[in-house]
Structure formats: structure tokens, C-alpha cells
Amino acid sequence: MDPNQLIGPPAPLGYPAPYWVLAFFKVLGFTLHLIPMTLWLAGTLLAMLGRWRGGEHARTWSGRVMVQMPIILALGINFGIVPLLFTQVAYARVFYPATILMAWPWLGVIAALMVAYYGVYLYAVGLRTGRLGPWRQAAGWVAALLFVAISFVFSNALSLMTRVEAWPALWQRTSVAGAPLGVALNTGDPTWLPRWLMVLGLALTTTAAYAVVDAGLFAVRETSAYRRWAAGFGWRLYTLGLAWVGVAGSWYVFWTWPAAIRQMMLARPLVVLTAATALSPGLPWLLLWVGRGGITPALALLVAASQIGVLAANALSRQIVQNAELRRFLDVTAERVDPQWGPLVLFLVLFVAGLAVVAWMVGQAIAATRRSVVPTAR
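Residues numbered from 1 in each chain as written. Predicted model: local features only at pLDDT ≥ 70, side-chain atom pairs only at ≥ 80, totals over all residues. Heavy atoms only, no water.

(A) Focus on the side chain of Thr-174. Note on placement: Thr-174 falls in the loop between helix 6 (167-173) and strand 1 (175-176). Classification of Thr-174 by relative accessible area gives buried; the value is 12%. Residues within four places of Thr-174 in sequence aside, it is in contact with Ala-179, Pro-180, Leu-181, Gly-182, Val-183 and Ala-184. (Helix = DSSP H or I, 4+ residues; strand = E, 2+ residues; numbered from the N terminus. Buried < 20%, exposed > 50% of the residue type's maximum accessible area, 1.4 Å probe, protein only. Contact = heavy atoms within 4.5 Å.)

(B) Expanded view of the pattern of salt bridges. For the structure on display, the rule yields five salt bridges. Arg-328 is the partner of Glu-165 in a salt bridge, and the nearest nitrogen-oxygen pair spans 3.1 Å. Here Arg-328 lies in the loop between helix 12 (297-326) and helix 13 (341-371) and Glu-165 lies in the loop between helix 5 (134-160) and helix 6, a separation of 163 residues in the sequence. Two residues, Glu-325 and Arg-318, come together in a salt bridge whose shortest N-O distance is 3.0 Å. You'll find Glu-325 and Arg-318 in the same group, each marked buried. Among the charged side chains, a salt-bridge network with shared partners connects Arg-64, Asp-214 and Glu-222. (Salt bridge = Lys/Arg side-chain N within 4 Å of Asp/Glu carboxyl O.)

(C) Main features of the confidence of the model for the chain. Across the chain, pLDDT averages 93, with 97% of residues at or above 70. Counted against residues more than four places away or in other chains, residues 373-378, with its pLDDT under 50, gives 17 contacts. (pLDDT = per-residue confidence, 0-100.)

(D) Expanded view of the packing of helix 2 (residues 56-90) against helix 7 (residues 192-217). Where helix 2 meets helix 7, the closest approach of the two axes is 12 Å, and the angle between their N-to-C directions is 105°. Looking at the two axes, helix 2 sits roughly perpendicular to helix 7. Across the interface between the two elements, Trp-61, Arg-64, Gln-68 and Ile-72 of helix 2 pack against Thr-207, Tyr-210, Ala-211 and Asp-214 of helix 7. Residue composition of the contact of helix 2 with helix 7, grouped by class: four nonpolar, two polar and two charged. (Axes fitted to C-alpha atoms, helices over the stretch in contact; angles between N-to-C directions. Parallel < 35°, antiparallel > 145°, perpendicular 65-115°, else oblique. Nonpolar A, V, L, I, M, F, W, Y, C, P; charged D, E, K, R; others polar.)

(E) Seen up close, the environment of Thr-87. Tracing the backbone shows Thr-87 in helix 2. A relative accessible area of 6% means that Thr-87 is categorised as buried. Separated by 107 residues in the primary sequence, Thr-87 and Pro-194 place their C-alpha atoms 22 Å from one another. The residues contacting Thr-87, other than those within four sequence positions of it, are Lys-26, Ala-92, Phe-95 and Met-161.

(F) Region of interest: the packing of helix 11 (residues 282-290) against helix 12. Where helix 11 meets helix 12, the closest approach of the two axes is 8 Å, and the angle between their N-to-C directions is 160°. Here helix 11 is positioned roughly antiparallel relative to helix 12, judged by the angle of their axes. For the element pair helix 11 and helix 12, the recorded crossing hand is left-handed. Where helix 11 approaches helix 12, its residues Leu-283, Pro-284, Leu-287 and Leu-288 are matched on the opposing element by Leu-299, Leu-302, Val-303, Ser-306, Gln-307 and Val-310. Split into classes, the residues belonging to the contact of helix 11 with helix 12 amount to eight nonpolar, two polar and no charged. (Left-handed = near helix turned anticlockwise from the far one by under 90°.)

(G) Spatial organisation of the nonpolar core. Within the largest apolar cluster, 94 residues are counted, with the highest numbers of intra-cluster contacts made by Tyr-91, Val-94, Phe-147 and Trp-167. In terms of residue count, helix 1 (residues 19-53) provides more of this core than any other element does, 15 residues in total. Apart from the residues within four sequence positions on either side, Tyr-91 is in contact with Tyr-19, Lys-26, Phe-86, Met-161, Gln-319, Gln-322, Asn-323, Leu-326 and Val-332. Core analysis: the second largest hydrophobic core is formed by nine residues, Met-198, Val-253, Val-321 and Ala-324 among them. (Core = buried A, V, L, I, M, F, W, Y, C linked by side-chain atoms within 4.5 Å.)

See below:
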């Protein structure tokens, strides 16, 4: 079967805005989503491990992270709506066929996220009330493991979206009388595993950076000994994440990229972006090395800004590679455009207003965090 026959038809009305507008908000939204998403992906699991096997300072860090996690989770889910919306608009012709092939795992993300959300809340309430019994601890572990499972499904879906050539075989293998059962996974894709491992490595670096940001900006009620420990912990964890990303990224680029994409990304002018993406984690690592004996508020802000730059560079590079992977079957930049400026302007107004509200909410949460002390749960 010709894989092109499984690609969705063009939208009758065309794109509601020029492609560059859709791509800009897709990358911007994905970057905003990556910040809390990578933090809950690695931070929740590390916090649970820290409480289980860590020392005094590790348990303090665990409590601080998990008390804040409901807010972090809410931000990540809401920011995730933006890139998903623009993916559905600009990449509908490949997004929907891919997610139909793996419909049950894809829909299962909703149920898994709801369970994980409540698990985090139950654990956080236990911390705040000092009543962290076995069932609340179990809820925290379930949430941590579900976040890993959700990342597995998302990585499958987004990589399958561009692997059009594999759709016929997956459809035939997981269908009855031509009807797809919706149980396919993209685990046979050679690019899938290193990409997923890269996300996990980036999650380690974001968690490390946040440990230092929290110590430098918000942990005013904690001891100086704890803040020194957090600075050292952040640097060590970032070093692990940096090595992890380096290995997974090298595997992805040099062993799974097709020759044409590797040539494109390593030639001018895109080699600049490729190099910046590869080297960008070095800046927050260096800042953490400087502050490993103690972190100042100014240095914490620099760490936060540089880590956002790391995530943005990865999001932009992935967008370019995604388009290149699809180009053999579909040029998403060549779709007909029928501008609908009214809805777009409304979106922009609501988007900016939403960011302002989120900034205010985060400010209120920070103020509350600086006034309170996390009780020791028993």
C-alpha cells in the first residue's frame, strides 16, 4: 500500500493563518509546556526516591518539591494545550492518522493524567497536614510512575506522526477486516527510543536547575546548610542529566538520523542551531558549578533563564527536523491559507491575558511559599 493513501485530506478551508504563525505558537507553547512537564516527569520520581532513601536535606527537598507540584502540574497541563492545538491545526493530516493507529494508548493518557493529578494532590495534602500515611505515599508513587508512562505514549505518538512509511504495516498488523484496533505503538522506530531518553535526560536537567532556583529564591525559611546542599545537589544532578542527554543525543543524531537530515542539520545555516542546541546545557551547568557551594538570587535567575534557553533550542530544532522528516510525504508549509484574523486576534488577546494571570498566580504562590514552612510529615 502507498503510505500517502493514509495521509488525511487537506482541510477544505485551508490554514486559518500563515504557516509561520502556527509554527511560532507551536514552538512557543511547547517550550512553555516543557518547563513544568520536564519538572514533573523527573522531579516527582526523584522526590519520592529522596523521601524513601534520602537523608535529612533530601527529604526536605522532596517535601518542598511535592508541596509545589500541584501548581507545577496545573501549569504544565494548561501550557500543553497550546502546542497540541497548533499541532492539530498545522499537522492534522498526519496527527490524526497516527493517533488513530494508537487510539487506546493515546486516549489512556487522559485517564492516566487524571489519576496522577489526584495522586499528587493527595500526597501534597498529606505533607501540608503532617499526615502522610502509607496510602498517600502509594498515591505519590503511582503518580510518579504514571508520568513516565504518559511520556512514553506521547513520545510514541509524536514520533509516529512523522513515520508515515510505517503506517501501512502497523495498520495491517493491528486491524481486523481493515478496521484498526487502535493498539499500535511506534517502538519499532529507530529514532523513538533515543528521543524518549533525551526527554528524560532534559527532565533531569530541569529538575536540577529548579532545585537551585528554589533554594536561591524561595527557600528563605530553610537553613543555610540546606541551601548549600541544594546547590551541590543541583550541580551533581545536572551533571548526570548532561551526560545522559549527550549519550542519547549522540545516538539520535549519528545513528538514527537519515543521511539527508543529518546533512541538512550539519550544514550552514542550520549547523549554528544544531551546535547551539547541543552546547546549550553547558551554560546552566557552568552556572551551577559556580554556585555549587551556595546560590544567590541573581545566580538562580540566570540558571532559570539559561535552562529555558536549553528547552527552547531543543523545541526549535525538533520542529525543523519534524518538517524535514515529513517532507518526503507532505509539505506542511505549502497548504492553502484562508486567514481568519478574528479568531487569531482573540486567541492572542486571551493568550497574553492568560500568561498575565499565570504570572500573577505564580507570584501569589511564591509569596505564600516564602511565608510558610512545610511541616514534617510522619
